[in-house]
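Structure assessment
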Amino acid sequence: MALIQLYTRYNRVWIPDAEHVWKSAEILRDFHDGDDCLQLLLENSTEHKYIVDSSPPELPPLRNPDILVGENDLTALSYLHEPAVLHNLKVRFLESRIIYTYCGIILVALNPYKQLHIYGDAIIHAYSGQNMGNMDPHIFAVAEEAYKQLARNHKNQSIIISGESGAGKTVSARYAMRYFAVVSKSGSKTQVEDKVLASNPITEAIGNAKTIRNDNSSRFGKFTEISFDNRYRIIGANMRTYLLEKSRVVFQAESERNYHIFYQLCACAHLPQFKALKLMSADEFHYTGMGGDIIIEGVDDRKGMEETQQTFSLLGLKEDFQSDVFKVLAAILHLGNVEIKSSGDDRSSISNSDSHLHIVCELLAVRADDLVRWLCNRRLVLVAETVVKPLPKERAVNSRDALAKRTYAHLFNCVINRINKALQVPGKQHAFIGVLDIYGFETFDINSFEQFCINYANEKLQQQFNLHVFKLEQEEYMKEDIPWTLIDFYDNQPVIDLIEAKMGILDLLDEECLFPQGTDQSWLQKLSNYLNSNPLFELPKLSNETFIIQHFADKVEYQCKGFLEKNRDALYEELVDVLKASKFAFLAKFFQEDGQSVPNMKGIKVKPAKPGVKSANKQLRASVGDKFCSSLSLLMETLNATTPHYVRCIKPNDEKLPFQYDSGRVVQQLRACGVLETIRISAQSYPSRWTYFEFYSRYNVLMTNEESSLDDKTQTCKYVLQRLIQDPNQYKFGRTKIFLRAGQVAYLEKLRLDRLRAACITIQKYVRGWNQRRKYQRLRQAAILIQQYVRGKRTVRKAVSAANLKQGWSAVVIQRYWRGFRIQKSYQTKLTDLQREVDGLIIKKQTMEKTFEASAKQQQEKFDQIKMTLLEEKENQARLRKIAENNLDIQREEHEKELAILKEELRRLKDERVSLKMKLEDCEQMSADLQDQVAQLTKHVKVIPELRRDLSNLQNQKQTIDRRMKQQSEEARAKLHDISKVLSGSVVKEEVLLGITADYSEKTYEAEDLLAAFNGLEKATRTLENHRKEQKEIYETQIEGLRLKLDYLQNENSSLQTFFTEKNNMNENIRQEVIRLSSENAVIPELKVQISELQRQKHECEVLVEEQRKELEEKADEIKNTLQKKVEEESSKCRNFEDQTQVLEEAKTTLQGQIKDLQEENDHLSRQLQMERDAKIRLRLEAAELSSRNLDFEEQLDQKERVIKQLENQMISLETAQKAQKTSSPVPKHYLGMLEYNPEDEPRLIQNLILDLKPKGVAVNMIPVLPAYILFMCIRHADYMNNEDKLRSFMNATISAVKKVTMTHQNDLALLSFWLSNMYQLLNCLKQYSGEVEFSKHSTARQVNNCLQNFDLSDHQQVVSDLAICIYHQFIAAMERALTPAIVPGMLEHESLQGISSMKLRGFIKRSRKNNDDTETYTISFIIQRLSHFYSNMTQHGTEPHLIKQVVKQLLFHIGATTLNNLLLRKDMCSCRKGMQIRCNISYLEEWLQEKDFQSCNFIDTLKPLIEAAWLLQVSKSTDDDAKAITEKCTELNTVQIVKILNSYTPVDLFEKRVASSFVRKVQSLRQDHDSAAQLMMDAHYRFPVTFPFCASSQALELLQVPNSLHLEFLTMI
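Residues numbered from 1 in each chain as written. Predicted model: local features only at pLDDT ≥ 70, side-chain atom pairs only at ≥ 80, totals over all residues. Heavy atoms only, no water.

1. Considerations on the overall build of the chain
- Regarding its fold elements, the chain presents 48 helices and 25 strands.
- Counting the 1614 residues in the chain, one finds 44% classified as buried.
- Partitioning the contacts of the chain with sequence separation of at least 6, the portion at a separation of at least 24 is 74%.
- Taken as a whole, the chain presents about 87200 Å² of accessible surface, with 52% of it coming from carbon and sulfur. (Helix = DSSP H or I, 4+ residues; strand = E, 2+ residues; numbered from the N terminus. Buried < 20%, exposed > 50% of the residue type's maximum accessible area, 1.4 Å probe, protein only. Contact = heavy atoms within 4.5 Å. Areas by Shrake-Rupley, 256 points an atom, 1.4 Å probe, with all protein chains shown as cover.)

2. Overview of the pairing of strand β20 (residues 643-650)
- Summarising burial for β20: 8 of the 8 residues are buried, a large majority.
- Strand direction decides the pairing type here: strand β6 (residues 106-110) and β20, joined by 5 bridges, are parallel. Looking at β20, one finds that Ile106 is bridged to Tyr646. (Pairing = 2+ DSSP bridges.)

3. Some remarks on the nonpolar core
- Residues Phe180, Ile261, Tyr408, Trp523, Phe547 and Met1319 are the most contacted members of the largest nonpolar core, which totals 349 residues.
- With 15 residues, the single largest contributor to this core is helix α40 (residues 1354-1389).
- Those residues in contact with Phe547 that lie beyond four places of it in its chain are Trp523, Leu524, Leu527, Phe537, Glu538, Leu539, Pro540, Val556, Glu557, Tyr558, Cys560 and Phe563. (Core = buried A, V, L, I, M, F, W, Y, C linked by side-chain atoms within 4.5 Å.)

4. Topic: a nonpolar patch on the surface
- The grouping of Ile786, Tyr789 and Val790 at the surface amounts to a nonpolar patch, some 320 Å² of accessible area in total.
- Tracing the backbone through its elements, the reader meets Ile786 in helix α26 (residues 744-799).
- By relative accessible area, which is 55% here, Ile786 ends up exposed. (Patch = residues over 30% accessible without salt bridge, like charges linked within 9 Å, V, L, I, M, F, W, Y side chains within 5 Å. Salt bridge = Lys/Arg side-chain N within 4 Å of Asp/Glu carboxyl O.)

5. Thoughts on the environment of Gly104
- Structurally, Gly104 is set in the loop between β5 (100-103) and β6.
- Take Gly104: its relative accessible area is 5%, and that puts it in the buried class.
- Placed 365 residues apart in sequence, Gly104 and Val469 show a C-alpha to C-alpha distance of 8.9 Å.

6. A look at the pairing of strand β11 (residues 234-242)
- Burial runs high along β11: 9 of the 9 residues are buried.
- Note: strand β10 (residues 221-228) against β11, 8 bridges, orientation antiparallel. Within β11, the residue paired with Gly221 across the bridge is Tyr242.
- Counted along the chain from β10 to the antiparallel partner β11, the turn is 5 residues long, and its residue Tyr232 has a positive phi close to 60°.

7. Describing the packing of helix α12 (residues 393-422) against helix α19 (residues 585-592)
- Across the interface, α12 lies against α19 with an axial gap of 10 Å and an inter-helix angle of 100°. By the angle class used here, α12 and α19 are roughly perpendicular. Across the interface between the two elements, Arg406, Thr407, His410, Leu411 and Cys414 of α12 pack against Phe586, Leu587, Phe590 and Phe591 of α19.
- Here the contact of α12 with α19 is composed, by residue class, of 6 nonpolar, 2 polar and 1 charged. (Axes fitted to C-alpha atoms, helices over the stretch in contact; angles between N-to-C directions. Parallel < 35°, antiparallel > 145°, perpendicular 65-115°, else oblique. Nonpolar A, V, L, I, M, F, W, Y, C, P; charged D, E, K, R; others polar.)

8. Focus on the sheet that holds strand β22 (residues 731-733)
- A sheet is described by the order of its strands in space; here 3 strands give the open sequence β21-β23-β22, paired in antiparallel fashion. Each end of this open sheet is capped by a strand with a single partner; those strands are β21 (688-691) and β22. Taking the axes of each pair of neighbouring strands and ignoring which way they run, one obtains an average angle of 20° across the sheet.
- Judged from the 4 bridges that link them, β21 and strand β23 (residues 737-740) form a sheet pairing that is antiparallel.

9. Thoughts on helix α37 (residues 1284-1304)
- With 21 residues, α37 extends 30 Å from end C-alpha to end C-alpha; this agrees with the ideal 30 Å at 1.5 Å per step.
- Three or more residues of α37 are buried, namely Lys1286, Leu1287, Phe1290, Met1291, Ala1293, Thr1294, Ile1295, Ala1297, Val1298, Val1301 and Thr1302.
- A distance of 3.5 Å separates the backbone nitrogen of Asp1285 from a side-chain oxygen at the start of α37, and that oxygen is part of Asn1283. (Expected span 1.5 Å × (residues − 1). Polar contact = N/O pair within 3.5 Å; in protein donor to acceptor, adjacent residues only side chain to side chain.)

10. Details of helix α9 (residues 319-336)
- Between its first and last C-alpha, α9 extends 26 Å over 18 residues, near the 26 Å set by a 1.5 Å rise per residue.
- Summarising burial for α9: 14 of the 18 residues are buried, a large majority.

11. A few points about the pattern of salt bridges
- In this structure the tally under the stated criterion is 39 salt bridges.
- In this structure, the salt-bridge partner of Glu1284 is Arg1288, at a minimum N-O distance of 2.7 Å. Taken as a pair, Glu1284 and Arg1288 lie in helix α37 at a separation of 4 residues, close to a single helical turn.
- With a relative accessible area of 36%, Arg1288 lands in the partly exposed category.
- For Lys1504, the salt bridge is made with Asp1501, and the minimal N-O distance between the two is 3.9 Å.
- Taken together, the salt bridges that share partners define one network made up of Glu164, Lys651, Asp654 and Arg665.

12. Section: the packing of aromatic side chains
- For the structure on display, the rule yields 44 aromatic pairs.
- Taken together, the aromatic side chains of Tyr119, Phe140, Tyr147, Tyr175, Tyr179, Phe180 and Phe228 make up a single cluster linked through ring pairs.
- The side chain of Lys1449 reaches across the aromatic face of Phe1584, ending 4.6 Å from its centre. (Phe/Tyr/Trp six-rings, centres within 6.5 Å; stacked < 30°, edge-to-face > 60°. Lys NZ or Arg CZ within 6 Å of the ring centre and 35° of its normal.)

13. Considering the confidence of the model for the chain
- Of the residues in the chain, 76% reach a pLDDT of 70 or more, and the chain-wide mean stands at 78.
- When the criterion is pLDDT under 50, residues 597-620 qualifies, and its contacts beyond four places in sequence or with other chains add up to 26 contacts.
- Taken as a whole, residues 982-1007 scores under 50 in pLDDT and shows 30 contacts with residues more than four places along the chain or in a different chain. (pLDDT = per-residue confidence, 0-100.)

14. Digging into a positive patch on the surface
- Among the surface-exposed residues, Arg791, Lys793, Arg794, Arg797 and Lys798 lie close enough to one another that they form a single positively charged patch.
- Take Arg794: it is sitting in helix α26. (Lys, Arg positive; Asp, Glu negative; His and termini not counted. Charge placed at Lys NZ, Arg CZ, Asp CG, Glu CD.)

15. So, the environment of Asp215
- In this fold, Asp215 is placed in the loop between β8 (208-209) and β9 (217-218).
- With a relative accessible area of 29%, Asp215 lands in the partly exposed category.
- Setting aside its immediate chain neighbours within four residues, Asp215 contacts Ala209, Lys210, His260, Ile296 and Lys656.
- At 3.1 Å, the side chain of Asp215 forms a polar contact with the side chain of Lys656.

16. Some thoughts on the sheet that holds strand β17 (residues 537-538)
- Pairing is antiparallel in the open sheet, where 3 strands are placed in the order β17-β18-β19. Looking at strand neighbours, the two that pair on one side only are β17 and β19 (555-559), the edges of this open sheet.
- Pairing geometry for strand β18 (residues 546-550) and β19, over 5 bridges, is antiparallel. Bridging across to β19, Gln550 finds its partner in Lys555.

17. Some words on the packing of helix α6 (residues 260-267) against helix α8 (residues 301-314)
- Taken N-terminus to C-terminus, the directions of α6 and α8 make an angle of 105°; their axes are 8 Å apart at the nearest point. The angle between α6 and α8 falls in the class roughly perpendicular. For the pair α6 and α8, contact is made by Ile261, Tyr263, Gln264, Leu265 and Ala267 and by Asp301, Arg302, Gly304, Met305 and Thr308, respectively.
- A class-by-class count of the residues in the contact of α6 with α8 yields 5 nonpolar, 3 polar and 2 charged.

Structure, rendered in structure tokens:
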């Protein structure tokens, strides 16, 4: 399909954008040839017209389908172009938080500016041994590929890491070397791996500095050769450095720093060991303070110095060497503070009192006057004389700075050389892996000589990279037998020639440096004269100090100022002589070697790929450019002799913000580092490549029935592709792969999606139609039923009458006689018609056969249709029933909750009603009390007239009672006081009472006073009556309010009861609905009866077909015989009657027609026979399956027979022992169960019983733990004889022998299991016979009597226990080694659920490695078989069940952890379908546990993290409720793991959705308080603590017999 045909509606394209480089738009109208514009809809819903040139149309690049976005390999994209690469990196970096991506053979690494948990040792072990492409992209994957190819191809490897400053090159190189150090442990005492890693802090301290773009920028190039021996273990390393930025020593731009080592020194100036250096703060030194920023946030220079000193010591560089290095560094700092003053007349001077000058001379051990003289003067040697010429201040300062730069450069080289010596250990180098950490392409506002050299080196590396990519493409095509066509790729040889060829830029620069009066301007003029015609060289029109070079990445404008000075790197010879004369030997050696040639760095001699560039002035001193060319040529020779692996580090933004993506900066670096060139080369040919299996698995939905029925999948793929894509130039068929041009995969994905969408629509159509049809049929049946009922009623009413009944009977009689008459007549006619029927029998037979065949076929179709319909109805009924039950449960729960609330409210109301009743009763009680008080007052009022009569009596008897008045008045006063208290109730005022009870002395006992008292009583009575009335009114008011409240509550109660009644009615309606659904479900048995009836009819039809088939065969035979006879008769008649030829020909024609009919019948019968054969084949397959099951049963029977045989042997041995006991003389029981041997036989005993013993024979023919019993019986005898030396010797020999045999056979599971059981049994015997009460509880009386008597073997128990633990761990490790290769393929990659495939397009890396390794195909069945093998092995050797459980638990944990770790590192496995496959595989493990009766041990808990991960892949991940559910369910996974799975989730189809970043953040916020663990990987090698619980043995030692097969005849039974 042509690419232009893909510009259709709804497809998306990329158009240029000023801010984001590219932006996406959707096509609104199909594009056709001749259109001048493309109608687009932007993402902000605005329409846009994209103008297109008419001939040829330059259309915008197409956007890949969403299913392809986020791929691990950029070459897996259907459309390979710049916006696709940029968008894929953005999606992975921002949404998935993945920093690594493959681009063919390149690993693209984006700097996250954040610490990630993806570099631990667990990650290293997870990538170790894996093919590149099997796991997610990672720097460890590149390192593993280099290490694997080193061992497999026996060829040196190199990892080329490049990128801008701050892109992460140094960190990537550090991780690569750390990977090699971890996976290739040498085990030597030199710890060379630690030394290799320890070299990084030193090189970073002396070679890294803070720049505007990076806080730890490498200011030099480094190529580290890691040497390996013939077993591919690290034996050493060697570093080469390139182009150290010496100018940084004396100059730093604003906000930049000098090299780290200077600031580390200044930070430790106060320490005693640095007092002699007389250091100050870094901002007080000129060379470290000019940048203005001496502190890096988050970096402690003091700790950096401690780390630097520690690594110096680790590398074996002693304190004397460190002290010399620090002296030189301090001298450089002080040298920068030496003040040079101008003295006029172009002269300069230095004060003799300058303190820094004296410190420099003291540290460097040089004379101050010589140093001052030659800093400010220069010696010129003329023909006749030597002249000393003063220097102006500017040139004197330059001379000082040149001395500092040269000194630091020598110091840097010296430290590197010493590190290289420290990294070399004795041993022959077999191969090496080189790690190149080199600067990437650089372009700044001001570019000078350093940027020129850096870009020149990148031009050379880019040329080598292009040739390598081109070579790989050619090899891929040749391997697949695809016709190779020359691909046009960018060749930067012209740029390289412009720089390094004769009369090129470097050659002209060296020539100009030879002239003393040469200047930058004169050199630029030469460049203009010689190179102005070169199209890659330009001179700006508005500047006469710059020139422009067109590099492969971009145009770069260079400032020519400073080129000559930096290339010369001149230092006056007088200053060199001063330093040569230094008494500081460490410094003097630098400059004594300066005149010698550059020492040959140790490395591998390789043959260069092309001749090196020869310098034009070799007889003169080499310039910086010439040296750089030489070292670069040596580097290219080394790289060309290795297999390169490329890592391109990218800065996502210039602000160093974590996970921020600047598309403009990223695309600029992608263009510069060659990634887009790789994409362009791939896109020119056939970028999309599928294996036939992958293509078949992915696009089988596009195949027709005829194509899918083919057995050859390769041919099927060819047929499908030829049918779908008409243009054969758009694809090629290789031997193992299909090659597709750009855009064809997107077209196939579109076809696949359309087919799936159409299938979904079809399914929906039929389901909806079925629902509507079912509804219509129900309505129709109901209407028919009503109509039948009504019509029946009407008919019955009309028919039931006497006349009708009489007429009916009459009609019946008439019909009877008429039928008899007709039958008699028919008998007469049948005889005449019989012959006619016989003649038409053949025709009827044929008609019947056709009709029967058609009807049988129709019945079969109807039956299948009815069966499918019934099954669908059954499934739908079950689904509806389940939905109704769920809804009913939900409503029942809601009603129960509401009922509980109503009950609670009713209970509360009842309580309130009870309380109100109690209050009402209290009020009534108070009212009754008041009434009683009123009654009492009334009684007292009635007493008043009597008192008045008494008063008159008192007046008459006054004289008689005067002497008793005082007493009576006191009694009256007390009584009145009490009565007033009772009656008034504290209401009568106190003054009234006081009026009644006055003082005795003032009181007159006259009648008026008593009358006044009685008046007071009446007043009090009236007051009490008024108070009682008021209280009564108040109480009545309260009672009325309470009654109103009671009425209100009763109304509320009645309303609640009404509401409760309504709820009950609703529940009753729901219950009736359930009953109705149940009645509808009752129809299902009737349908089942109908199905059974149809099946019975089918069976009858089959029987009838079989009978008719037999009849037809007989008739066919008869017809054949008849026809044969007729043919013979006709042939004889033909010879006799030639005149009847024409008639015979017609008869022949008729016969041929009959023969054809018979052949059709035979074909029909043959098809029936074929159906029978198919049925027989199916029966045969079922029989094969049953036979395989029988084999399994037979294997189990064999195992049981072996166990029975073992038990029989034990019984025989016991019987033999009993017979021997009966026949032998009685032995004292204290001496039974011991074995005696001579000391000289101890080696034979150990050899025969331990070293030479074969577990298999022991396990089958005798007790599995017999060696343990024999060993213990020997120990008992030594204890009985009180022979401590013999006991100690025997125990040491036993332990050593068992250790030796288990260490020698570390992978022999049978032997390890055997000795684990025996050591465990020996430990139990030592405990059981130790005499301790704790262990003697379950022992017999004889076993108690046979306990050890003389020695305490508790120490030996500990030794045996430690040995058993050691064997247990060896056993676990051996099983893990046997199981590990199958875990990931079986648990993760194997698809147990057929029809649910997660196959997707894979990239170049995966495709190129997939078929290289002929590995075994592992499945979950293989894992279960291995577990069963381990289990049977342990049970066969008598391992205790408790130990078996511990082993199974450990193995399941290892399976779960390994699977989860690989899942976390494989983005292609994080999909919903893969989650279903993983859960299915886990269910098989659960079934195995149930089969082995381990379901009660909770072993499945060890797989909970994996189960939660599988659930997380399947569950919905979009809403807040989903986030809460994930937080609640995922209790075993930590937050880092959950976020990793969510970020890695990859849809397999467009029907799925990616996980939004907001959802991931929501889950993170909900999981903040759940855990604090930050580890991504589980520790797959974690060991659960092993325990050996005591288990008493019931074996009687005195009954054991030593078999002759053990060859222990020298043992004597005691």
